[in-house]
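Fold and geometry: a report
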Amino acid sequence: MNRTDVVWLIVAGVVLALVTAVIAVRVLLKLVRARRLLKATGMPLSTKAMFWGSIVYLVWPVDLLPDPIYLDDIGFLLLALRSVHAAAVRARVARRDP
């Protein structure tokens, strides 16, 4: 393997790390914006714990996969966002029912 191949491998690794970091940050921003939903009545404690747990996992230095690979972080953030959204929908439906 010559020097040019090594440079291209490094560039490809950096680009991959940047793309996954951007995705993780975008999902994190959506999750933080969704925190307003945590204040809604009927939001279970487990959903609130999942929200804060996914935030902590994102910044925690120990990961399931090494840090240049943010797939596990993105997965936890998406799971938390999905849970918060589902709980908000349930709370909205419960408020409409007399």
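This text goes with the structure placed above it.
Residues numbered from 1 in each chain as written. Predicted model: local features only at pLDDT ≥ 70, side-chain atom pairs only at ≥ 80, totals over all residues. Heavy atoms only, no water.

Let us now look at the overall build of the protein chain. Along its length, the protein chain carries three helices and zero strands. Reading the secondary structure of the protein chain in the N-to-C direction produces α-α-α. Summarising the internal contacts of the protein chain: among those between residues at least 6 apart in sequence, 60% fall at separations of at least 24. Within the structure as shown, the protein chain displays about 7200 Å² of accessible surface, and the carbon and sulfur contribution to it stands at 71%. (Helix = DSSP H or I, 4+ residues; strand = E, 2+ residues; numbered from the N terminus. Contact = heavy atoms within 4.5 Å. Areas by Shrake-Rupley, 256 points an atom, 1.4 Å probe, with all protein chains shown as cover.)

In this section: the nonpolar core. With nine residues, the main nonpolar core is built from Val27, Leu31, Ala34, Phe51, Ile55, Leu58, Leu77, Ala80 and Val84. Mapped by element, the contributors of at least two residues to this core are helix H1 (3–33), helix H2 (45–59) and helix H3 (71–96). Excluding anything up to four places from it in sequence, Val27 contacts Leu77 and Leu78. (Core = buried A, V, L, I, M, F, W, Y, C linked by side-chain atoms within 4.5 Å. Buried < 20%, exposed > 50% of the residue type's maximum accessible area, 1.4 Å probe, protein only.)

Helix length check: H2, at 15 residues, gives a terminal C-alpha distance of 22 Å against a target of 21 Å (1.5 Å per residue), a fit within 8%. Listed as buried for H2 are Thr47, Phe51, Ser54, Ile55, Tyr57 and Leu58. Down the axis, H2 shows its buried residues gathered within 165° of arc, on one side only. What points out from H2, more than 90 degrees from its buried face, is the exposed set Leu45, Ser46 and Val59. (Expected span 1.5 Å × (residues − 1). Arc of directions from axis to C-beta.)

Within the secondary structure, Leu71 is located in helix H3. Leu71 sits 50 residues away from Ala21 along the chain, and the two C-alpha atoms are 9.3 Å apart.

What follows covers the packing of aromatic side chains. Inspection of the entire model under this criterion finds two aromatic pairs. An angle of 80° between the planes, with centres 4.6 Å apart, marks the rings of Phe51 and Trp52 as edge-to-face. Overall, Phe51 belongs to the buried group, its relative accessible area being 1%. Taking the centre distance of 4.4 Å and the plane angle of 50° together, the rings of Tyr57 and Phe76 count as tilted. In this pair, Tyr57 is assigned in helix H2 and Phe76 in helix H3, connecting sequence segments 19 residues apart. Overall, Tyr57 belongs to the buried group, its relative accessible area being 16%. (Phe/Tyr/Trp six-rings, centres within 6.5 Å; stacked < 30°, edge-to-face > 60°.)

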